[in-house]
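Listed below, chain by chain, are the residues.
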Amino acid sequence: MPSARPPAAPDPARAARRRRARRRRARGRGGRRPRRGHGARVPGRAGRRGAVPFHGPQQAGILHPRQTHAHLVAFDFGARTDRGRATALLLRWSTAAARLTRGEPVGEEISPPGSRAVDTGVALGSGPASLTLTFGFGASFFDRVGLAAARPEALAPLPSFPDDQLDPARGGGDLFVQIAADDPLVGLHALRTVQRLAHGEAKTRWVMSGFTTAPVPGRTAPTHRNLMGQLDGTANPSPASAAARDRILVTAAGAPPWLVGGSYVVVRRIRMLLDHWDTLPLEHREQAVGRRAADGSPLTGGGERTAPDLAANRPDGVPVIAYNAHVRLAAPATNGGATMLRRGWSYYDGLRPDGTPDAGLLFVAWQSDPRTGFVPVQQRLARGDALGRYLVHEASSLFVVPGGVLPGGYVGQALLDE
């Protein structure tokens with residue numbers, strides 16, 4: 001009986017050709033790679049449970065694809081806080097964020113003076129889970145650190161809007177942190193860590209926690225579907241576009257160095273009157289939005305990414321997309337080009353005293369200037385959006401988010417070192 005043929009030695013060149021072919025096929029399925037002009041970091045969706053670098057030209061968590069879980073938290077400084085103590089806190093937070101986003105232990109050497117709390121290791125073994133921590137400053141931050149003259153004009157208080165029912169205790173704050181991850185345990189651990197490291201310097205003012213649809217492995221992540229059953233964020237600008245990034249990030253000539261690559265974020269807690277909304281006929285719900293509930297396509301036809309035809313009329317002359325439809329009133333074309341990157345999460349906080357759901361949307365919108373982004377759009381929506389009768393705006397905040405952090409540095413260093 002002949003002896004068995006020995007296995008062939010691996011061919012490195014052939015293996016390399018196979019790897020290149022697999023990469024070409026993957027690019028063919030997902031389209032061309034986005035350009036990365038203006039030094040912007042535009043991450044893809046590959047490796048969603050991997051590490052998202054904390055250091056870079058922009059803070060992570062703005063252009064990065066939305067993770068499935070988030071905590072939005074604001075802090076107020078203590079009575080003794082000055083610029084030096086604020087700097088020490090931001091250095092602790094930045095050092096911890098760089099380690100957490102790599103999936104590493106924070107280490108007790110950066111614990112604040114007098115703190116007895118320790119990291120219990122609750123997220124050990126969970127990996128980075130695409131964790132991002134994004135830090136911002138409220139208008140009051142600049143007064144507290146003696147830099148009132150450096151406060152940007154765009155950080156002026158947002159105007160009041162009709163029908164707002166805002167709770168001051170759930171808005172504002174000296175400091176803001178957005179924590180997002182693809183693992184709820186990793187996100188909660190990061191929240192507890194920033195709170196622990198603020199000991200003796202800043203107290204939590206409010207926390208809001210949310211979630212979104214989990215992506216299906218091997219598929220492009222879907223547009224966020226909110227608790228009204230509608231796709232939310234279809235018309236978002238693409239961070240891969242240099243022109244769109246100029247509407248999201250601060251890139252204008254003359255901007256202070258600490259703000260270049262940064263952004264402004266509007267955070268609003270919007271409760272949905274779901275018990276009422278859920279009783280409406282599908283046609284009514286779609287008319288209020290201006291899109292099909294099933295796939296997000298505009299009522300004028302096409303697919304989710306098809307631009308709505310706002311001039312289309314029915315045979316009887318009535319607009320296909322109603323004059324008060326949300327998609328019409330929010331469109332950049334009807335708001336002087338006003339553009340925001342909406343990156344919110346749903347929330348469900350149980351039941352209210354009257355037995356109705358305490359649930360809705362944590363609206364998070366990024367823009368280079370809220371005066372030409374959020375404000376004109378919300379003013380138009382507040383004057384007659386068909387969705388407005390099913391929504392209650394309960395909290396609102398505006399923060400400025402500094403540019404990226406260099407290794408060894410900290411958030412806002414170029415500002416605080418002035």
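Describe in detail the pairing of strand S2 (residues 132-137), supporting the description with residues and values.
The element S2 is largely enclosed, with a buried count of six among its six residues. Neither face of S2 is open: one carries Thr132, Thr134 and Gly136, the other Leu133, Phe135 and Phe137, and all of them are buried.

For the nonpolar core, give the residues involved together with the corresponding values.
With 73 residues, the main nonpolar core has Phe75, Trp93, Phe137, Phe141 and Leu175 as its most contacted residues. Here this core takes eight residues from helix H2 (residues 83-100), the largest share from any one element. When sequence neighbours within four positions are dropped, the list of residues in contact with Phe137 reads Leu90, Phe142, Leu155, Asp174, Leu175, Phe399, Val400, Pro402, Val411, Gly412 and Leu415. Listed in part, the 22 residues of the second largest apolar core include Leu63, Trp206, Met208 and Trp366.

Pulling in residues and values, what's your account of the pattern of salt bridges?
What the rule picks out here adds up to 21 salt bridges. The salt bridge involving Arg205 is made with Asp76; its shortest N-O contact spans 2.9 Å. Of this pair, Arg205 sits in strand S4 (residues 202-211) while Asp76 is found in strand S1 (residues 69-77), placing the two residues 129 residues apart along the sequence. A relative accessible area of 35% places Arg205 in the partly exposed class. The partner of Glu109 in a salt bridge is Arg99, and the shortest N-O contact between them spans 2.6 Å. Of the two residues, Glu109 sits in the loop between H2 and S2 while Arg99 sits in helix H2, which places them ten residues apart along the sequence. Residue classification places Glu109 among the exposed positions, given a relative accessible area of 57%. Connected through salt bridges with shared partners, the residues Asp167, Arg170, Arg269, Arg271, Asp349, Arg352, Asp358 and Glu394 form a single ionic network.

Break down the packing of H2 against helix H4 (residues 184-197) for me, with residues and values.
Axis separation between H2 and H4 bottoms out at 10 Å; the angle between their running directions is 155°. With respect to each other, H2 and H4 are oriented roughly antiparallel. Crossing of H2 against H4: the hand is right-handed. Facing H2, whose interface residues are Leu89, Arg92, Trp93, Ala96 and Leu100, H4 presents His189, Ala190, Thr193, Val194 and Leu197. Partitioned by chemical class, the residues of the contact of H2 with H4 number seven nonpolar, two polar and one charged.

Can you break down the confidence of the model for the protein chain residue by residue, with the values?
Low pLDDT marks regions whose predicted coordinates should not be analysed in detail. Confidence along the protein chain averages 90 in pLDDT terms, with 88% of residues attaining 70 or more. This stretch, residues 1-10, has a pLDDT under 50; its non-local contacts, to residues over four places away or in other chains, come to zero contacts. A low-confidence stretch, residues 23-38 (pLDDT under 50), is modelled with eleven contacts involving residues beyond four sequence positions or located in other chains.

Please give an account of H4 that cites residues and values.
Given a rise of 1.5 Å per residue, 14 residues ought to cover 20 Å, and the 20 Å separating the end C-alpha atoms of H4 matches this to within 8%. Buried residues of H4: Val186, Gly187, His189, Ala190, Leu191, Thr193, Val194, Arg196 and Leu197, and no others. Those residues of H4 hidden inside the fold are in contact with S1, H2, S2, strand S3 (175-181) and S4. Its side-chain oxygen placed 2.8 Å from the backbone nitrogen of Leu185, Asp183 serves as the N-cap of H4.

Give a description of the environment of Ala359 that names residues and reports values.
Mapped onto the fold, Ala359 is located in strand S8 (residues 357-367). Taking the C-alpha atoms as reference points, Ala359 and Leu227, 132 residues apart in sequence, are found 7.9 Å from one another. Every residue in contact with Ala359, bar those within four places of it in the chain, is listed here: Leu227, Ile270, Arg271, Met272, Leu274, Tyr347 and Tyr348.

Report on the packing of aromatic side chains, specifying residues and quantitative values.
Taken as a whole, this structure holds 13 aromatic pairs when the rule is applied. Each ring, one from Phe161 and one from Phe374, has its centre 5.8 Å from the other, and the planes form 85°; the classification is edge-to-face. Within this pair, whereas Phe161 is found in the loop between helix H3 (139-144) and S3, its partner Phe374 is found in helix H9 (residues 374-382), the two being separated by 213 residues in sequence. Residue class for Phe161 comes out buried when judged on its relative accessible area of 7%. The class of Phe374 is buried, set by a relative accessible area of 1%. Chaining the aromatic ring pairs together yields one cluster made of Phe77, Phe137, Phe141, Phe142 and Trp258.

The rules behind the values
Residues numbered from 1 in each chain as written. Predicted model: local features only at pLDDT ≥ 70, side-chain atom pairs only at ≥ 80, totals over all residues. Heavy atoms only, no water. Buried < 20%, exposed > 50% of the residue type's maximum accessible area, 1.4 Å probe, protein only. Helix = DSSP H or I, 4+ residues; strand = E, 2+ residues; numbered from the N terminus. Core = buried A, V, L, I, M, F, W, Y, C linked by side-chain atoms within 4.5 Å. Contact = heavy atoms within 4.5 Å. Salt bridge = Lys/Arg side-chain N within 4 Å of Asp/Glu carboxyl O. Axes fitted to C-alpha atoms, helices over the stretch in contact; angles between N-to-C directions. Parallel < 35°, antiparallel > 145°, perpendicular 65-115°, else oblique. Left-handed = near helix turned anticlockwise from the far one by under 90°. Nonpolar A, V, L, I, M, F, W, Y, C, P; charged D, E, K, R; others polar. pLDDT = per-residue confidence, 0-100. Expected span 1.5 Å × (residues − 1). Polar contact = N/O pair within 3.5 Å; in protein donor to acceptor, adjacent residues only side chain to side chain. Phe/Tyr/Trp six-rings, centres within 6.5 Å; stacked < 30°, edge-to-face > 60°.

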